[in-house]
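Coordinate inspection notes
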Amino acid sequence: MRHVISLLIENESGALSRVSGLFSARGYNIESLTVAPTEDASMSRMTIVTTGSDDIIEQITKQLNKLVEVVKVVDISEAAHIERELMLTKVRATGKDREEMKRMADIFRARIIDVTDTSYVIELTGNQAKLDAFISAIDPALVLETVRSGVCGVGRGDRILKV
Amino acid sequence: MVLSGAEIVIRCLQEEKVDYVFGYPGGAVLYIYDALFNQDKVRHVLVRHEQAAVHAADGYARSTENVGVALVTSGPGATNAVTGIATAYCDSIPMVIISGQVPTAAIGQDAFQEVDTVGITRPCVKHNFLVKDVRDIATTIKKAFYLAKTGRPGPVLVDIPKDVSMHKCEFEYPKEVSMRSYNPVVKGHQGQIRKAVQLLLEAKRPMIYTGGGVILANAAEQLTKLTRMLGFPITNTLMGLGGYPASDRQYLGMPGMHGTYEANMAMHYSDVLLAVGARFDDRVIGNPDHFAEEPRKIIHVDIDPSSISKRVRVDVPIVGDLKEVLEEMIRQLEANAARPNPDTLGSWWKQVDEWRSRECMKYKNSDEIIKPQFVIQKLWEVTGGDAIVTSDVGQHQMWASQYYRFDKPRRWLNSGGLGTMGVGLPYAMGAQLANPGAQVACVTGEASIQMNIQELSTCKQFRLPIKICNLNNRYLGMVRQWQQLFHGERYSESYMDSLPDFAKLAEAYGHVGLKIERPSDVEGALREAFARKNDLVFLDFQIDQTENVYPMVQGGKGLTEMILSAEDL
Ligand SMILES: Cc1cc2nc3c(=O)[nH]c(=O)nc-3n(C[C@H](O)[C@H](O)[C@H](O)COP(=O)(O)OP(=O)(O)OC[C@H]3O[C@@H](n4cnc5c(N)ncnc54)[C@H](O)[C@@H]3O)c2cc1C
Ligand SMILES: Cc1ncc(C[n+]2csc(CCOP(=O)(O)OP(=O)(O)O)c2C)c(N)n1
Ligand SMILES: [Mg+2]
């Protein structure tokens, strides 16, 4: 099963490698991992997308909690939550493809944020499925490069991760 | 008061009441050694290899309730320390390791004797720190000791660049630490404990299974009291030996791969299993699927939530310090008139005693050739069962654990989790320094002892009257045993050729050496050795080369599928 784990961690050098080292040492999957400081600069928030059986997910959260610098861990996918990912796609945009690409961007409510004679950079946010859908909707031959941020997530309503 | 970083390090150790530091100097720690030189509260033990420094500090910690401290230089000093750190980590031993690092400006420049010590040790420490500012030394060391000994204990490393140890600042030792990210649970959940007590009272085939956690929590007294109140059978893992007196009737011996028949059968067929500070290791429960076949309710008390429901499903998890939890269980039992039904318990004991009557620890003694089991039995007799016994890793380790009956905690020091050959002598050094009057025996093999034999020199310098019992079978015995049983008797590289004359070697280091070849000389030699109160004596017992450790649960097999003796093969 796919899980989205959010955690708060002290913003110390090496904290990221403690988390990634834990995953590789114990053979857990990481589908994506994002990290950045929070409104409190002494703390970072990390979102990890992983897969595993219930037993493995239980061990993952316990092992994460055990890391001395980890302040709090929640599996936000246990209940209603929102996931978003940002994707920047550079595509070839010449001739009739130019119009078609613009149309696709509009359909997906993406924005074109860089324009040259031959290319666009398209910015798209959404959940993973939406990003995947966009990529499969456009002609792969036109894709010059894509970069995805990995998932960040937050619980709905009263579910708040804060110290 | 304004002090240099190095002086602050030493002052912190004084504040933590550290009496011994085990270490080895080098460029990056020269300022720290200088600060050591100028005081006499913290004594330094100069080992002959950094691995032994960490093991000795580890042995010191295992034999006391204190944190062990080691000090090493950057680069090779730190890498030599890694085996010692990992060994302590695997058995949850509280330690602080201070390592020197190249100056901050040189970090990342591939400087002389630079390694990423924090990176290398990250997977085998509870936590580690790189101190980049002299003003952080005191709080960091305070945190290191706090982390090492609270919660699930473990080694903590503090890496200090040379310039940081040279810089100066105002020194004040923090009175306390608080870390928002680290708050181990101490008190167990009342409701869970009540549930557990209820289950125990209703059990038909109860069993208590305890481990290293009891030793680490200093809770042998509470465990003994609770076990006697309940009247249940009990087993202690290799790490938990001495947690409950081995000479007591309720004690069934060790469980697991080389545990007793009765302990394994009772573990397997119990209907309520109380697990206390033990982590269902693969060497203990054998094949987890086989173990799960028999339905039973499991109560698991551990301070580390990640130990619970890791390898087996648990019905009543209790997270907390087990001393507190055991005390609460005792309180609840005292407040409750109910007791386990004596008839039900009686018939369970009848079954257990039937298993016990198989006498699985019996072995064939000999008049001609020294049997290792016999040496350990004699060692137990000669020391009145009251020695601190350290061991290395191999067959001798198992024989020591099986035939020396430990009645008290912190008397049995060995590497269970990592299984590190070479720990025996340094453990004995740490234990002897921590317990100056105690009888300290190091049970070892001719292969293991050679992994840190250079420490005979340290023993001479610090006058440590350790008694080394070398069960010399001229084989990597444990390897040979597996090759005999599981690899078609192809003894690939398990024979030790060109062994030194250990008695002479000991003499060359300035100690007493004895070579013992006949069973009739075993007891006399041991008595002579322990009578020499001020000498290290190296007893080189020439034992039966082909003796195997039994009983045995083969890897992958279930607990009830034991090989009891060579006849079972
Ligand atoms: C050659 C060889 C053969 C072996 N054969 C056997 C064998 O036959 N039988 C056997 O038993 N072992 C054997 N071992 C050892 C085995 O590998 C494990 O090291 C051992 O079984 C683990 O012991 P434990 O379960 O007591 O856990 P430990 O490693 O001692 O762990 C202690 C547990 O207690 C918890 N704890 C610590 N402090 C507290 C506290 N204050 N409060 C609550 N909980 C706490 C910890 O979180 C941890 O979960 C063998 C090892 C070797 C090298
Ligand atoms: C550092 C290290 N290397 C290898 C091993 C694997 N190993 C386990 S027991 C053993 C043989 C030990 O021989 P010895 O010390 O003579 O003890 P014996 O089994 O003969 O009693 C070996 C090589 C280990 N545990 N530790
Ligand atoms: Mg041997």
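Since this is a predicted model, take the numbers as computed values, not measurements.

**Overview of the packing of aromatic side chains**
All names here are of chain B. Across all of its chains, the model carries 18 aromatic pairs over all chains by this definition. A ring pair is formed by Y475 and Y495, whose centres lie 5.3 Å apart and whose planes are at 75°; its orientation type is edge-to-face. Residue Y475 is found in the loop between strand 17 (467-472) and helix 20 (477-486), and its partner Y495 is found in the loop between helix 20 and helix 21 (502-508); the two are separated by 20 residues along the sequence. Classification of Y495 by relative accessible area gives partly exposed; the value is 47%. A connected cluster of aromatic rings, assembled from ring pairs, spans Y20, F22 and Y60. Over the face of the ring belonging to F291 we find R296, whose NZ or CZ atom lies 3.8 Å from the ring centre. A cation over an aromatic ring shows up here: R480 above the ring of Y475, its NZ or CZ 5.5 Å from the ring centre.

**Some thoughts on the pairing of strand 3 (residues 43-46) of chain B**
All names here are of chain B. Pairing between strand 2 (residues 20-23) and strand 3: four bridges, direction parallel. Within the sheet, the bridge partner assigned to G23 lies in strand 3 and is L46. Between strand 2 and its parallel partner strand 3, the chain crosses via helix 2 (residues 30-37), and the hand of that crossover is right-handed.

**Some thoughts on the domain arrangement of chain B**
Residue and element names in this part refer to chain B. In terms of domain boundaries, chain B breaks down into domain 1 (2-170), domain 2 (190-356) and domain 3 (372-549). Look at where the C-alpha atoms of domain 2 and domain 3 centre, and you get two points 31 Å apart. Taken residue by residue, the interface counts 17 residues in domain 2 and 18 residues in domain 3. For the pair domain 2 and domain 3, the two sides together bury roughly 1400 Å², of which 60% comes from carbon and sulfur. Taken together, the links from domain 2 to domain 3 amount to seven residue pairs in polar contact (both at pLDDT 80 or more). In terms of residue class, the side of domain 2 that touches domain 3 is made up of 11 nonpolar, four polar and two charged.

**Looking at helix 1 (residues 5-15) of chain B**
For helix 1 of chain B, a buried count of eight out of 11 residues is recorded, marking the element as mostly surrounded by other parts of the structure. A positive backbone phi angle near 60° is found at K17 of chain B, which sits one or two residues after helix 1 of chain B.

**Let's talk about the site of ligand 2**
All names here are of chain B. In the region of ligand 2, 17 residues are neighbours, and Q395, H396, G419, S448 and G477 sit closest. In the environment of ligand 2, an oxygen atom lies 3.2 Å from a nitrogen or oxygen atom belonging to the backbone of A447. In this structure, an oxygen atom belonging to ligand 2 sits 2.7 Å away from a side-chain N or O atom of S448. Taken by itself ligand 2 offers 580 Å² of open surface, and the protein chains cover 76% of this. Those elements that provide at least two residues to the shell around ligand 2 are helix 17 (395-403) and helix 20. Per element, the largest residue contribution to the shell around ligand 2 is three residues, and it comes from helix 20. Looking at the shell around ligand 2 residue by residue, the class counts come to eight nonpolar, eight polar and one charged.

**Some points on the environment of V70 of chain A**
Residue and element names in this part refer to chain A. Positionally, V70 belongs in strand 4 (residues 70-75). Judged by its relative accessible area of 1%, V70 falls in the buried class. A C-alpha to C-alpha distance of 8.4 Å links V70 and A15, two positions 55 residues apart in sequence.

**Re the packing of helix 1 of chain B against helix 6 (residues 137-149) of chain B**
Residue and element names in this part refer to chain B. The contact between helix 1 and helix 6 brings their axes to 9 Å, and the two run at 30°. In this structure, helix 1 crosses over helix 6, and the sense of that crossing is right-handed. Where helix 1 approaches helix 6, its residues G5, I8, V9, C12 and L13 are matched on the opposing element by I137, A138, I141 and F145. For the contact of helix 1 with helix 6, the class distribution of residues is eight nonpolar, one polar and no charged.

**Points about the site of ligand 1**
All names here are of chain B. Around ligand 1, 36 residues are found, and the nearest of them are T237, R279, D302, S307 and D321. At 2.7 Å from an oxygen atom of ligand 1 is found a main-chain nitrogen or oxygen belonging to H258. A distance of 2.7 Å separates an oxygen atom of ligand 1 from a polar atom in the side chain of S307. Protein coverage of the free-state accessible area of ligand 1, which is 1000 Å², stands at 97%.

**A few points about the pairing of strand 18 (residues 512-516) of chain B**
Residue and element names in this part refer to chain B. Most of strand 18 is tucked away, with four of its five residues classed as buried. Alignment of strand 18 against strand 19 (residues 537-542), held across five bridges, turns out to be parallel. Across the sheet, residue G513 finds its bridge partner in strand 19, namely F538. On the question of chirality, the crossover connecting strand 18 to the parallel strand 19 by way of helix 22 (residues 522-531) is right-handed.

**Section: helix 20 of chain B**
Structurally, the α-helix is built with 3.6 residues per turn, so residues lying three or four positions apart point the same way. Residues and elements named next belong to chain B. Within the span of helix 20, buried status applies to G477, M478, R480, Q481 and Q483. The elements touched by buried residues of helix 20 are helix 17. Directly beyond the C-terminal end of helix 20, a positive phi value near 55° is found at G488.

**A few points about the sheet that holds strand 7 (residues 155-161) of chain B**
Residue and element names in this part refer to chain B. With respect to topology, six strands assemble into an open sheet ordered 3-2-4-5-7-6, the strand pairing being parallel. Pairing within the sheet leaves two strands with one partner each, and these edge strands are strand 3 and strand 6 (127-130). Neighbouring strand axes in the sheet, compared pairwise and without regard to direction, differ in orientation by 20° on average. Where strand 5 (residues 95-101) lies against strand 7, seven bridges are found, and the strand directions are parallel. Counted as the bridge partner of V96 is V156 from strand 7.

**Details of unusual backbone geometry**
Glycine aside, residues mostly have negative phi, and peptide bonds are mostly found in the trans state. All names here are of chain B. Along the chain, Y550 connects to P551 via a cis peptide bond; the corresponding omega equals -5°. With respect to the element layout, P551 can be found in the segment after strand 19. Residue R463 is not a glycine yet carries a positive backbone phi of 50°. In this structure, R463 sits in the loop between helix 19 (456-461) and strand 17. Here the phi dihedral of E489 falls at roughly 55°; this positive angle occurs in a residue that is not glycine. Mapped onto the elements, E489 comes out in the loop between helix 20 and helix 21.

**Quick look at the coordination of the magnesium ion (ligand 3)**
Residues and elements named next belong to chain B. On the protein side, the magnesium ion (ligand 3) has E446 (OE), E446 (OE), N473 (OD1) and Y475 (O) as donor atoms, found 2.1 to 2.5 Å from it. One way to put it: the six donor atoms around the magnesium ion (ligand 3) meet at angles of 52 to 177°, and that makes the site irregular. Ordering the donors of the magnesium ion (ligand 3) by residue number gives the pattern E-x26-N-x1-Y. Taken together, the residues span a long stretch of sequence, with E446 in the loop between strand 16 (440-444) and helix 19 and Y475 in the loop between strand 17 and helix 20 at a distance of 29 residues. When its relative accessible area of 18% is taken as the criterion, Y475 is described as buried.

**Structural notes on the nonpolar core**
Residues and elements named next belong to chain B. Core analysis: the largest hydrophobic core is formed by 98 residues, its most contacted members being M329, L539 and F541. Taken together, domain 2 (190-356) and domain 3 (372-549) each give at least three residues to this core, which thus spans both. With residues near it in sequence (within four places) discarded, F541 still touches I370, V375, C469, N470, L471, N472, I516, V522 and L526. Counting 46 residues, the second-largest nonpolar core is a separate cluster that includes V125, L157, L425 and L433.

Thresholds, definitions, all that
Numbering of residues starts from 1 in each chain and follows the order in which that chain's sequence is written. Each chain is given a letter, starting from A, and each ligand a number, starting from 1, according to the order in which they appear as written. In view of the model being predicted, local features appear only for residues whose pLDDT reaches at least 70, and side-chain atom pairs are presented and counted only at 80 or more, with totals across whole chains, interfaces and linings using the full set of residues. Each side-chain value is derived from all of the structure's non-hydrogen atoms; neither hydrogens nor water enter the calculation. Planes of paired rings set the category: under 30 degrees apart is stacked, over 60 is edge-to-face and the rest tilted, where pairs are Phe, Tyr or Trp rings (Trp by its six-membered ring) whose centres lie within 6.5 Å. Every helix listed is a DSSP run of H or I at least four residues long, and every strand listed is a run of E at least two residues long, numbered separately from the N terminus. Each residue's exposure class comes from its accessible area (1.4 Å probe, protein chains only) as a fraction of the maximum for that residue type: buried when under 20%, exposed when over 50%, partly exposed otherwise. Whether a charge lies above a ring is judged from NZ of Lys or CZ of Arg, which has to be within 6 Å of the ring centre and within 35 degrees of the ring normal. The pairing criterion for strands is at least two bridges between them, as found by DSSP. By convention, a crossover is right-handed whenever its connection, traced from the first strand over the helix to the second and viewed with the strands pointing away, goes clockwise. Each domain's extent was defined by an automatic or database domain assignment. Any pair of residues with heavy atoms lying within 4.5 Å of one another is described as a contacting pair. Buried area is calculated as the accessible area (1.4 Å probe) missing from two parts once they are joined, with the contributions of both summed. Think of a polar contact as two N or O atoms within 3.5 Å of one another; within protein, one of them needs to be a possible hydrogen donor and the other a possible acceptor, and neighboring residues in sequence only count if both atoms come from side chains. Residue type decides the class: Asp, Glu, Lys and Arg count as charged, Ala, Val, Leu, Ile, Met, Phe, Trp, Tyr, Cys and Pro as nonpolar, and the leftover types, Gly among them, as polar. Proximity is defined per residue: if any heavy atom of the residue lies within 4 Å of a molecule or strand, that residue is considered near it. Residue-level accessible areas treat just the shown protein chains as cover; the underlying method is Shrake-Rupley with a 1.4 Å probe. For helices, the fitted line uses only the C-alpha atoms of the stretch in contact; every axis is such a line through C-alpha atoms, and the angle between N-to-C directions lies from 0 to 180 degrees. The hand of a helix crossing depends on one turn: near helix anticlockwise from the far one by less than a right angle means left-handed, and clockwise means right-handed. For Na, K and Ca the donor cutoff is 3.2 Å, while for all other metals N, O and S atoms count as donors only within 2.8 Å; water does not appear among the atoms, so some sites may look incomplete. Only four donors with every angle between 85 and 135 degrees are called tetrahedral; only four or six donors with opposite donors over 155 degrees apart and all others between 65 and 115 are called square planar or octahedral, in that order; all others are irregular. By convention a nonpolar core is built from buried Ala, Val, Leu, Ile, Met, Phe, Trp, Tyr and Cys residues, the set being connected through side-chain atoms within 4.5 Å.

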